[in-house]
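Listed here are the chains, written in short residue letters.
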Amino acid sequence: MTFDIQTQPGGIHFQAESGETLLAAALRQGVVLPYGCRGGMCGSCVATLVSGKVSYPSGNTQALEGRDPGACLTCQAVAETDLVLEVMEIKTASQIEVRTLPCRVVDKQALNHDVMRLLIKLPENQRLPFLAGQYLDFLLEGGKRRAFSIANAPHDDEFIELHVRHVPGGQFTSFIFDALEEKAILRIQAPLGTFILREASTRPIILVAGGTGLAPIKGIIEHAFHIGITRPMHLYWGVRQQADLYLPDLPLAWAREHGNFSYTPVLSEPDTGWTGRRGFVHEAVLADHPDMSGFDVYLAGPPIMVQSGSQAFAAAGLSHDHMYSDAFEYAKPSGN
Ligand SMILES: Cc1cc2nc3c(=O)[nH]c(=O)nc-3n(C[C@H](O)[C@H](O)[C@H](O)COP(=O)(O)OP(=O)(O)OC[C@H]3O[C@@H](n4cnc5c(N)ncnc54)[C@H](O)[C@@H]3O)c2cc1C
Ligand code: FES
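Residues numbered from 1 in each chain as written. Chains lettered and ligands numbered in written order. Predicted model: local features only at pLDDT ≥ 70, side-chain atom pairs only at ≥ 80, totals over all residues.

## Regarding the overall build of the chain
Phase 1: Counting its secondary structure elements, the chain contains seven helices and 19 strands.
Phase 2: Relative to a compact globule of 336 residues, whose C-alpha radius of gyration would be 20 Å, the chain shows 20 Å and is just as compact.
Phase 3: Considering the chain as a whole, with its 336 residues, one finds that 42% of them fall into the buried category.
Phase 4: A separation threshold of at least 6 residues defines the contact pool for the chain, and within that pool the share at least 24 residues apart is 68%. (Helix = DSSP H or I, 4+ residues; strand = E, 2+ residues; numbered from the N terminus. Rg over C-alpha atoms; globule rule 2.2 N^0.38 Å. Buried ≥ 20, exposed ≤ 12 C-beta atoms within 10 Å, placed from the backbone. Contact = placed C-beta atoms within 7 Å.)

Next up, the structure:
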């Protein structure tokens, strides 16, 4: 059975098959709705159900907790009737084709004890069109996928840069650390996600990165510098200890070179002698900005950080329309 899905206020129509998630149906037809983890965790895909009925056969609805009854997680919801959804289509991302491509590893460099920088390259004469902040999926055997954010900006696209944190016992990240060799060929699908800079906004920007959440945030910041954004931008980078700040000089250089950029590292388990900010990164943001209502906020990193930050910032007056997040969910044991 096929259902008609209409968006408001854009008035776009697409069709969803029974059992197909609304997001999958939209993307299949070239309609890019906001999304991030595709696992029901991050809340980036929340729309408002204006009319009709949906169900959640996967049961993955964590991001619905605490939201209004009309909230609809498009990455998990399947239509039971025709629907009207209030949701903004992301026009810029929808203009870029998602492609499956081979790529070659051209450099593998340990940045610290548990983060590896990979540079990968597409086949000769090919470049990957993408928007700063998007991610790619590595396609593994048996239909498995692993998501990693693109850490470079689109203007600087000779290589694709990734920051990979080693997950102890993790299948793919252990392979990258222990066995992957330069010149190896991998398969990717890209670009994915809608964690991108909202360039038309005039609000000051707060960027909150947890660990390798710096990767998409780095892409966004370098893109913002490249296009000459003059709005104030403040980066908070939260990690456990100083050694986890795996590119320690980069944000300092940005701050020296760009008058509108400032930076605060925040350690949750500070080493002795650390005189900087300590605690959870979202708490440091709130201590500096008890009223968040005037900002655009970009949050990327571990799901728990994204979730705690989103809830705390909403309580401090930040509307969901100005909160953009990329939660680094990991693949479910079933494979995808
Ligand atoms: C949109 C998106 C962008 C991402 N970008 C990045 C990025 O730029 N850099 C980066 O380092 N990671 C990123 N991640 C997370 C990354 O995809 C996972 O860490 C990776 O898939 C782990 O694969 P694995 O095969 O090593 O672990 P698996 O074999 O899948 O997992 C092994 C065990 O570790 C647990 N686990 C897996 N991943 C994590 C994790 N991240 N944290 C805690 N426990 C975990 C699993 O539950 C399982 O028990 C991103 C995730 C998403 C959804
Ligand atoms: S909750 Fe749907 S994309 Fe993350």
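## Observations regarding the packing of helix H6 (residues 281–288) against helix H7 (residues 303–315)
Any two packed helices are characterised by the angle at which their axes cross and by the distance between the axes.
Phase 1: Across the interface, H6 lies against H7 with an axial gap of 9 Å and an inter-helix angle of 25°. As judged from the angle between their axes, H6 and H7 are roughly parallel. Once H6 is placed against H7, the crossing between them reads as right-handed. Contact residues: Val281, His282 and Leu286 in H6; Met305, Ser308, Gly309 and Ala312 in H7.
Phase 2: Across the contact of H6 with H7, the residue classes tally to four nonpolar, three polar and no charged. (Axes fitted to C-alpha atoms, helices over the stretch in contact; angles between N-to-C directions. Parallel < 35°, antiparallel > 145°, perpendicular 65-115°, else oblique. Left-handed = near helix turned anticlockwise from the far one by under 90°. Nonpolar A, V, L, I, M, F, W, Y, C, P; charged D, E, K, R; others polar.)

## So, the sheet that holds strand S18 (residues 296–301)
Phase 1: In space, the six strands of this open sheet follow the order S17-S16-S15-S14-S18-S19, with parallel pairing throughout. Only two strands of the sheet have a single neighbouring strand rather than two, namely strand S17 (277–278) and strand S19 (323–327).
Phase 2: Pairing of strand S16 (residues 261–267) with S17, which is carried by two bridges, proceeds in the parallel orientation. The partner of leucine 267 across the bridge, within S17, is arginine 278. (Pairing = 2+ DSSP bridges.)

## Section: the site of ligand 1
Phase 1: Taken together, 24 residues lie around ligand 1, and Arg165, Gly170, Phe172, Thr173 and Tyr330 are the ones closest in.
Phase 2: Contributions of two or more residues to the shell around ligand 1 are made by strand S11 (145–149), strand S12 (160–165) and helix H3 (171–178).
Phase 3: Examining the composition of the shell around ligand 1, we find that four residues originate from one element, S11, more than from any other.
Phase 4: Grouping the amino acids of the shell around ligand 1 by side-chain chemistry returns 11 nonpolar, nine polar and four charged.
Phase 5: The residue makeup of the shell around ligand 1 includes at least three contributed by each of domain 2 (95–192) and domain 3 (205–327). (Near = placed C-beta within 6 Å. Domains from an automatic or database assignment.)

## Focus: the pairing of strand S14 (residues 205–210)
Phase 1: The buried fraction of S14 is high, at six of six residues.
Phase 2: Here S14 shows no split at all, with Ile205, Leu207 and Ala209 on one side and Ile206, Val208 and Gly210 on the other all buried.
Phase 3: Summarising the sheet, S14 and strand S15 (residues 233–239) pair through six bridges and their orientation is parallel. Among the inter-strand pairings, isoleucine 205 is bridged to a residue of S15, identified as methionine 233.
Phase 4: Following the chain from S14 across helix H4 (residues 214–226) to the adjacent parallel S15, one finds a crossover that is right-handed.
Phase 5: With five bridges joining them, S14 and S18 adopt parallel strand pairing. Considered in S18, the bridge of valine 208 is made with leucine 299. (Right-handed = clockwise from strand over helix to strand, strands pointing away.)

## Re the nonpolar core
Phase 1: Ranked by internal contacts, the top residues of the largest apolar core, which has 95 residues, are Leu207, Val208, Ile217, Val297 and Tyr298.
Phase 2: Counting residues per element, this core draws most heavily on H4, at six residues. (Core = buried A, V, L, I, M, F, W, Y, C linked by C-beta atoms within 7 Å.)

## Considerations on H7
Phase 1: With 13 residues, H7 should reach 18 Å at 1.5 Å per residue; the first-to-last C-alpha distance of 18 Å fits that figure.
Phase 2: Considered for burial, the residues of H7 that qualify are Met305, Val306, Gln307, Gly309, Ser310 and Phe313.
Phase 3: Contacts from the buried residues of H7 go to S14, S15, H6, S18 and S19.
Phase 4: Immediately downstream of H7, the backbone of glycine 317 shows phi near 100°, a positive value. (Expected span 1.5 Å × (residues − 1).)

## Considerations on the domain arrangement of the chain
Phase 1: Domain boundaries assigned for the chain yield domain 1 (2–89), domain 2 (95–192) and domain 3 (205–327).
Phase 2: Here domain 1 and domain 2 have C-alpha centroids that lie 28 Å from each other.

## Description of the environment of tyrosine 246
Phase 1: Of note, tyrosine 246 is situated in the loop between S15 and helix H5 (249–257).
Phase 2: Through-space distance from the C-alpha of tyrosine 246 to that of arginine 117 is 9.8 Å; in sequence the pair is 129 residues apart.
Phase 3: Residues within four places of tyrosine 246 in sequence aside, it is in contact with Leu111, Asn112 and Val115.

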